[in-house]
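Below, each chain spelled out in residue letters.
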Amino acid sequence: MDVTPFERIVDAFLLQEIGEEGFNRYDIIVRILAIEEHYNKNSVGFDLYNKMQKLRFEQKPTIKEAKNKDSLQKFMELIHSVEKNGYLSSKYPIELNYNGRLQNGSHRLALALYNNVQYVICDDIVDSYDFYQQVQYGLSWFVERFTIKECNFIVQRMRKLFYERGKIAYAIIWPPACKYICDIENIMLEFFTIDQCRKLEFFDRNDVHAFIEEVYAIDSYRAVRAEEKLSGDDETKKIYEVYLYQIRYYYDDPVVERSISELMDVRYQTIEYIRISKNLIRHRIQAIMKNYRFDNAFHCGQSFYENIFLQQLYERYCI
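Residues numbered from 1 in each chain as written. Predicted model: local features only at pLDDT ≥ 70, side-chain atom pairs only at ≥ 80, totals over all residues. Heavy atoms only, no water.

**Topic: the packing of helix 2 (residues 26–38) against helix 7 (residues 148–165)**
So, point 1. Relative orientation of the contacting elements helix 2 and helix 7 amounts to 90°, with a least axis distance of 9 Å. Between helix 2 and helix 7, the angle is such that the two are roughly perpendicular. Along the contact surface, helix 2 presents Y26, I29, V30, I32, L33 and E36, while helix 7 presents F153, I154, V155, R157, M158 and L161.
So, point 2. Its residues placed into classes, the contact of helix 2 with helix 7 shows ten nonpolar, no polar and two charged. (Axes fitted to C-alpha atoms, helices over the stretch in contact; angles between N-to-C directions. Helix = DSSP H or I, 4+ residues; strand = E, 2+ residues; numbered from the N terminus. Parallel < 35°, antiparallel > 145°, perpendicular 65-115°, else oblique. Contact = heavy atoms within 4.5 Å. Nonpolar A, V, L, I, M, F, W, Y, C, P; charged D, E, K, R; others polar.)

Below is the structure:
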């Protein structure tokens, strides 16, 4: 089966790696720390990296990476290559497993994050085993093997990364509100930055109805939701437009940030900034939109779980 490489915004990897124990890929953070020591920004990155790699290779001696006699030297060669040639995303795509999570390319992803690369090319490995049933690199993996001081250093860098990069979320404008799209986007920009927007066109009411049900696949009332989103719209329409947005917010939620790094499952926890912003945006839309009905104009995921789901939907429909 052929799989076409596709483009993913780098920060979507941070969203995708929020799991049952908070952030699930602290190995990427250690790689960033090693890059920073290379550029004389800390004095611990190499030691943390070497320790992590040694423990990883002991745990999984058959992985290809374990065959390198000097993993750090190999990483330095990659850093020098990026310095010389730039980030060659299309030539060396990052590989994802069947559920869209990182499988191979964590060094390249760390470099993309460090160098503020916005998008990378990814490849789905359709016949891959479930990597996350084998090894996970959440905080518990490091707590069992590293000192408290080392773990604290890694966690602080993770929090800094989340603060620097902002957080990804996804929003949707439903068909009844599309004639007000410019006004609504201006309202959204008061609360979020917009990374990307994609317009979907449906030529049959049943098709757009099915799409809305898919958006709400994790909601037991999805069929009712679909009717709500089309209420007040012209049933004789020939084309139904839906706008999907990849947005970013920079609000620092101390409770959520702390929970992510304390082995807590925050996937279903409401992100207060998004909840409040969504309600304010809807209130503003109501003031300008004829035939406004609650929930027939603007939708936005307000938990990590919702946005992880919407991110996967976004990639399926828009990339």
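**What to know about the pairing of strand 7 (residues 167–173)**
So, point 1. Of all the seven residues making up strand 7, seven are buried; the element is thus mostly covered by neighbouring parts of the structure.
So, point 2. Pairing geometry for strand 7 and strand 9 (residues 240–249), over seven bridges, is antiparallel. Within strand 9, the position partnered with I173 by the bridge is Y243.
So, point 3. Here three bridges tie strand 7 to strand 10 (residues 298–300), and the two strands are oriented antiparallel to one another. (Buried < 20%, exposed > 50% of the residue type's maximum accessible area, 1.4 Å probe, protein only. Pairing = 2+ DSSP bridges.)

**A look at the pattern of salt bridges**
So, point 1. A complete count under the given rule lists 21 salt bridges for this structure.
So, point 2. Among the charged side chains, a network of salt bridges with common partners joins D11, R165, D195 and R248. (Salt bridge = Lys/Arg side-chain N within 4 Å of Asp/Glu carboxyl O.)

**With respect to the side chain of D295**
So, point 1. Within the element layout of this structure, D295 appears in the loop between helix 12 (272–288) and strand 10.
So, point 2. On the accessibility criterion, D295 (4% relative accessible area) is buried.
So, point 3. Within the structure, the side chain of D295 is placed 2.4 Å from the side chain of R282, a separation counted as a polar contact.
So, point 4. Those residues in contact with D295, other than ones at most four positions away along the chain, are W174, Y216, R225, E228, K229 and R282. (Polar contact = N/O pair within 3.5 Å; in protein donor to acceptor, adjacent residues only side chain to side chain.)

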